[in-house]
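# Coordinates in review
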Amino acid sequence: MTNDLFTEYFPDLTQFREKTLRFHRGELSVAEYKLFSGGFGSYAQRGGQTHMLRLRMAGGRLTKERLKFIVDTCEKYCVGRIKLTSCQSVQLHDLKADELCNIMEAAWRAGMISRGGGGDFPRNVMASPLSGVSLSENFDVMPYAEAAGEYLMGFIKAVRFPRKLKVCFSSSPANEPHATFRDLGFAANPDHTFDVYAAGGLGVKPRLGVRMAQGVSPADVLYHIKAMVDTFTAYGDYENRAKSRSRFLQDTLGQEGLIQAYQEKLSEALSVERLTLSIPQHSVTKKGNGRTTSHKRILPQKQPGLYAVSYQPIGGFLSPIKAAQLCRAIAPMEEVEIRLTPEGGLYLINCDAAEADLLLKITDDGAQTRFETSTACVGADTCQVGIGHSQALLSDCIAAVRRENFADGVLPRIHISGCPSSCAAHQTAAIGFRGGMKQTPAGPKPAFAVFTGGSSLQGQETIAETGRLIAAADIPRFLTDLGRMIAAQNTTYEKWLPQHKDALQDLINKYA
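Per chain, residues are indexed from 1 in the order of the written sequence. Local features are withheld for residues below a pLDDT of 70 in this predicted model, meaning they are given only at 70 or higher, and side-chain atom pairs are given and counted only at 80 or more; totals for whole chains, interfaces and linings count all residues. Values shown for side chains rest on all heavy atoms present in the structure; no hydrogens or waters enter the calculation.

## Notes on the nonpolar core
Put simply, the test is: Throughout this description, the term nonpolar core refers to a set of buried Ala, Val, Leu, Ile, Met, Phe, Trp, Tyr and Cys residues connected via side-chain atoms within 4.5 Å. Accessibility here uses a 1.4 Å probe with only protein chains present; expressed as a share of the type maximum, an area under 20% marks a residue as buried, one over 50% as exposed, and anything in between as partly exposed. Contacts: residue pairs with any heavy atoms within 4.5 Å of one another.
Within the largest apolar cluster, 61 residues are counted, with the highest numbers of intra-cluster contacts made by Ile70, Ile82, Leu92, Leu348 and Leu359. Contact partners of Leu359, with chain neighbours within four places excluded, come to Val309, Leu326, Ala329, Ile330, Met333, Leu348 and Cys351. Counting residues in each nonpolar core, the second largest holds 42 residues, with Ala147, Leu152, Phe155 and Ala269 among its members.

## Brief notes about the pairing of strand β9 (residues 194-198)
To keep it simple, the criterion reads: Segments assigned H or I by DSSP are reported as helices when at least four residues long, segments assigned E as strands when at least two residues long, and all are numbered from the N terminus. We call two strands paired when DSSP finds no fewer than two bridges between them.
Among the 5 residues of β9, 5 are classified as buried, and the element is accordingly described as predominantly covered. Of the two faces of β9, the one holding Phe194, Val196 and Ala198 and the one holding Asp195 and Tyr197 are both buried throughout. Here strand β8 (residues 184-188) hands over to β9 after 5 residues, with His192 in that stretch at a positive phi of 65°. Of the strand pairs in this sheet, β9 and strand β10 (residues 210-216) are connected by 4 bridges, and their pairing is antiparallel. For Tyr197, the partnering residue across the bridge sits in β10 and is Arg211.

## A short note on the sheet that holds β8
Our working definition: Under this scheme, a helix contributes an axis fitted over its contacting stretch, all axes are lines through C-alpha atoms, and angles between N-to-C directions fall in the 0 to 180 degree range.
Spatially, the 5 strands line up as an open sheet ordered β6-β7-β8-β9-β10, and their pairing is mixed. Edge strands, defined here as strands with exactly one partner in the open sheet, are β6 (126-127) and β10. Examined bridge by bridge, β6 and strand β7 (residues 167-170) share 2 bridges and lie parallel to one another. Paired with Met126 across the bridge in β7 is Cys168. With respect to the sheet, helix α7 (residues 221-235) is in contact with β7, β8, β9 and β10, its orientation differing from that of β8 by roughly 155°. Contacting β8, β9 and β10, helix α9 (residues 254-272) crosses the sheet at an angle of about 45° to β10.

## Focus on the packing of helix α12 (residues 390-404) against helix α13 (residues 475-487)
Applicable threshold: The handedness criterion is simple: a crossing whose near helix is rotated anticlockwise from the far helix by less than a right angle is left-handed, and one whose near helix is rotated clockwise is right-handed. The residue classification treats Ala, Val, Leu, Ile, Met, Phe, Trp, Tyr, Cys and Pro as nonpolar and Asp, Glu, Lys and Arg as charged. All others, Gly included, are polar.
In the contact formed by α12 and α13, the axes pass within 9 Å of each other and the chain directions differ by 35°. Our pair here, α12 against α13, has a crossing hand that is right-handed. For the pair formed by α12 and α13, the contact residues are Leu393, Asp396, Cys397, Ala400, Val401 and Glu404 on the first element and Ile475, Pro476, Leu479, Thr480 and Arg484 on the second. Residues of the contact of α12 with α13, tallied by class, amount to 7 nonpolar, 1 polar and 3 charged.

## Brief notes about the environment of Gly132
Structurally, Gly132 can be placed in the loop between β6 and α6 (142-153). Placed 152 residues apart in sequence, Gly132 and Val284 show a C-alpha to C-alpha distance of 8.4 Å. The residues contacting Gly132, other than those within four sequence positions of it, are Glu137, Asp140, Lys302 and Gln303.

These figures capture arrangement, not role.
Structure below.
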């Protein structure tokens with residue numbers, strides 16, 4: 001964050017303190033406080049006694065300095081829960097009112113502004129987590145994600161948005177940040193240009209994005225952001241909140257009308273703005289130490305002799321003790337930093353072989369199989385609007401699957417969202433679940449709707465099909481039954497599914 005932005009936003013903290021105290025005195029309702037606090041990246045947790053604070057960091061770059069701030073803050077205020085989010089930010093949970101205000105101010109001073117982390121604002125800009133080091137990427141998009149994040153902060157006070165605006169940059173067809181179906185996404189091409197997609201999104205009535213432009217120079221990305229901001233504010237629905245996300249522009253304008261409107265706003269931006277970027281490409285200067293290493297959680301980087309170590313804390317909750325351990329471990333390691341993933345995990349990048357082996361050992365408490373890398377939102381235990389207890393369900397499912405000792409790959413990664421908001425991107429999953437309630441002869445029971453067939457791979461993007469509700473208590477058995485069917489054929493879910501879609505549906509019907 002630049003000093004200019006800090007100077008602009010810092011006075012807002014006084015108002016935040018005042019409203020937070022009024023909320024705790026009962027002078028503001030939960031809804032009134034939420035409408036205000038979301039713009040500061042903070043929400044009251046269920047029950048209204050404690051709070052969450054979301055720290056934005058463009059591209060999910062968790063540098064050593066940022067990590068140390070988080071660790072020191074957790075130690076000072078006895079913070080017990082750190083959530084890594086699906087939007088590559090960090091949430092601190094269970095904060096009392098005074099703690100929240102003090103931590104927010106300290107975070108801003110440390111360059112981690114939370115302004116716009118929630119509410120109707122531009123959200124944290126996302127990027128492929130291994131951008132700059134991946135063997136399979138087209139080019140490094142991280143510098144552009146960070147420039148976009150800085151630029152979008154300038155709209156927080158200047159522009160009133162209909163709803164939130166999510167922007168991301170993808171460096172490869174893996175499309176981890178979902179560039180082809182966000183509000184605005186930049187998908188890298190091999191020729192060092194971007195294809196630009198807009199008006200996509202998950203949640204209620206999801207949409208894949210519409211391609212607005214091809215072969216865009218990276219120097220011009222801010223013009224496209226300005227064009228999308230102007231299109232969204234000109235044509236977005238300010239009256240009906242349920243239809244005020246950018247994806248509904250595909251309905252109101254039609255795809256051709258949307259493209260035309262966008263191109264008109266782009267032409268205006270190109271004629272009056274001065275937004276051309278000139279960003280020198282960052283290069284990793286560190287060299288390997290001559291040693292090599294190998295493990296399923298250690299990925300070779302495109303820099304010879306360097307590695308990235310994958311770590312998925314179960315459910316996306318990084319314990320403060322583990323965060324402190326990692327902070328101490330990487331402090332002396334040259335150029336090592338953390339990249340947060342859209343699945344609530346992280347990579348430790350730029351490690352030599354010895355460093356990778358050490359960090360592998362430190363992170364051996366995390367997911368051990370693909371199924372255990374499953375994603376879940378924070379859930380109704382914490383979230384004011386949550387319906388399903390996502391974290392409890394994930395914990396029960398992992399415990400049940402571990403008892404079966406299936407081979408890795410027998411079951412896919414699952415995504416569990418506690419409500420239709422799709423905070424865990426269940427609509428992109430091979431198998432996803434969305435929280436709800438199911439009517440039974442014994443009365444309503446907690447349940448989750450099953451989603452199947454989703455994919456975020458560029459060129460294969462598919463919104464998962466919504467299935468029937470299964471009682472939450474039955475879902476672990478549903479998954480172990482599915483695993484037994486697949487294991488009996490000595491194969492993986494990915495290979496099994498194409499010829500057995502009817503069998504999967506029969507199993508869902510059995511439990512539904």
